[in-house]
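# Inside the fold
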Amino acid sequence: MIGFNNVTYTYPNGMGVFNVHFRILPGEFSFLIGPSGAGKTTIIRLIYMDLLPDKGEVNVNRYSSKKIRKRKIPHLRRDIGMIFQNFNLLNDRNLFENVALPLHIVGYNKKEIRDRVIAILIEVGLEDKAYEYPWELSGGEQQRACIARGLVKDPDIILADEPTGNLDPSTALQIIRLLERINRKGTAVLMASHNYRLIKELGHRFIEIKNGIIQSR
Amino acid sequence: MSKLIYLLYEGIRNLWRHKLTTFTAIGSVFFSLLIIGIFIIVQQNSHQLIDYVRSEYRIEVFFEDHVNNEDAQLIVDQIKELDGVQSIAIVTKEDALKIYQDQFDENLIDILGYNPLPNSAVINIDKHGNSEVDVEPLITNLEKISNVNEVVYEGTLIRRVEYFYKTIVKIISYIAIGLLVITIIVISNTVKLSVYAKRDLIQNLKSIGATKMFIKTPFIIEGILDGILGSLLAIIVLFVAVRSANAYFADLFSFKILFNIYGMVWLMAIAILIGLIGSYRGIRVLLK
Ligand SMILES: Nc1ncnc2c1ncn2[C@@H]1O[C@H](COP(=O)(O)OP(=O)(O)OP(=O)(O)O)[C@@H](O)[C@H]1O
Ligand SMILES: [Mg+2]
């Protein structure tokens, strides 16, 4: 599903990730863990090919970083559900419209969009807030909305970059539980976090990174 | 299809969201199209004027004395074939005599005992639309025909009118082009602002798999709408202005200002093009 083969990516200032090698299988739940600045976001960006490696190869589904054409990158991203730390919801539209956005991109019709979005909002428990704006919601609700947006296209994998970073511990745990529930339905989840204490008890796989180098996987 | 509707909707929303910059863009389209529209109207009406002046252009050809009526007809047939001749009318000796008599109230036969006037012909020249009328080649050709004695025409007048007309058209075109360039820059800056204000959305859309086309289209629609709205305003103002000017001056002049709807269609087409180019320029920066 996701394969890193000795991948190195260096920013102009010499930071980055080095010789990264790991594999994520379909339906797997893994944490990408490491302190701030370790390279977690860099790895996530390499997965959705916002960055392309200097050395090595990243494989995502049937796409390879070596062969993919620029034009195809949007297609690759449509099979991935992205969730960010800062929620990245658009403040100029309500939750329904935010969650519907990925479907507009693919060109679903009005009815399909309605059905899908309502179903997903029910799944994350936000059906009552569909017509509220992001700023009217709590952090946890915003993050659930963001997960709904990531899920709406029924992706094979969810990439969550520090999704609990701005939440208090109990809300954070709620979000993780939601991701686990999604995972049990067959979607692979890769969640980046620096909060070791929050996740060490949960019994999932860890990929540990420090200074751009994988420590254990 | 539903995608298109969505993108259209997003474009309209962009307009609405940035009312102030939208206002600037529409205002500048309005202003420059107003000026260009005035030029178009002036040009269309000066057209009426120049056409009138040009209809007065005529060339008179006098034949040798010994050319009789049948010979004259043959020469006229020959002239008809020349480039730049729209029509030709023969003026026989007898016609000329009558014209002379009408003009000077004297009968030449009574005075001289014979008709001294030669056969001649009057040529109306071909005037093709906007382009300058150049009669010199025709004159040269006419003078080459045998049995043509003299060619009379208002050379300097024609040259002067044509030169003046050409210069005016040139100056107007330069001003119009200058205005168009300025408007394109204003629109591209407006769209640039709009793009900048939405860089989060753009980043966001990219990360969830939107194509560049999907991201760009609302901004392009925004630019086109700026153009359409600005030109509509300009057209309405011009229309009302021409109508009231015609009504106001109706008692004073017989001349009516023409308001050609095709000119206005052109105006709108220009505006759409401006909007398109402007918005393309505007998004280029952030979306290479
Ligand atoms: N655009 C960039 N240009 C230059 N250096 C960068 C850039 N982005 C990240 N870096 C550097 O690369 C290293 C890894 O950054 P990355 O964002 O992947 O860390 P992270 O593990 O996600 O950290 P955090 O937990 O704070 O989000 C850091 O040292 C960072 O300063
Ligand atoms: Mg990070």
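Residues numbered from 1 in each chain as written. Chains lettered and ligands numbered in written order. Predicted model: local features only at pLDDT ≥ 70, side-chain atom pairs only at ≥ 80, totals over all residues. Heavy atoms only, no water.

## Some thoughts on the sheet that holds strand β2 (residues 85–91) of chain B
Residues and elements named next belong to chain B.
- One open sheet accounts for four strands, arranged β2-β3-β1-β4; its pairing is antiparallel. Both outer strands of the open sheet, β2 and β4 (148–153), are each paired with one neighbouring strand and no more. Averaged over all adjacent pairs, the angle separating strand axes in this sheet is 20°, with direction ignored.
- The pairing of β2 with strand β3 (residues 120–125) spans six bridges and is classified as antiparallel. When the bridges of β3 are listed, Val-91 appears paired with Ser-120.
- The sheet strands contacting helix α3 (residues 69–80) are β1 (58–63), β2, β3 and β4, and the helix crosses β2 at an angle near 170°.
- Each of β1, β2, β3 and β4 touches helix α6 (residues 136–144); the most contacted strand, β4, lies at about 160° to it. (Pairing = 2+ DSSP bridges. Helix = DSSP H or I, 4+ residues; strand = E, 2+ residues; numbered from the N terminus. Axes fitted to C-alpha atoms, helices over the stretch in contact; angles between N-to-C directions. Contact = heavy atoms within 4.5 Å.)

## Some thoughts on the environment of Asp-71 of chain B
- Residue position: Asp-71 of chain B is located in helix α3.
- Spatially, the C-alpha atoms of Asp-71 of chain B and Asn-119 of chain B are 9.5 Å apart, while their sequence positions differ by 48 residues.

## As for the interface of chain A and chain B
- Contacts between the two partners involve 21 residues from chain A, matched on the other side by 17 residues from chain B.
- For the pair chain A and chain B, the two sides together bury roughly 1,700 Å², of which 54% comes from carbon and sulfur.
- Sorting the residues of chain A by area buried against chain B places Arg-93, His-104 and Ile-105 of chain A first, and these three jointly supply 30% of that buried surface.
- The interface formed by chain A and chain B holds two salt bridges in total.
- When the shortest N-O distance is used, the salt bridge between Glu-10 of chain B and Arg-93 of chain A registers 2.8 Å.
- Inspection of the chain A/chain B interface yields six residue pairs in polar contact (both at pLDDT 80 or more).
- Looking at the side of chain A that touches chain B, the elements with two or more residues in it are α2 (73–78) and α3 (95–106) of chain A.
- Residues belonging to the side of chain A that touches chain B are distributed by class as follows: 10 nonpolar, four polar and seven charged. (Buried area = accessible area lost by both parts, 1.4 Å probe. Salt bridge = Lys/Arg side-chain N within 4 Å of Asp/Glu carboxyl O. Polar contact = N/O pair within 3.5 Å; in protein donor to acceptor, adjacent residues only side chain to side chain. Nonpolar A, V, L, I, M, F, W, Y, C, P; charged D, E, K, R; others polar.)

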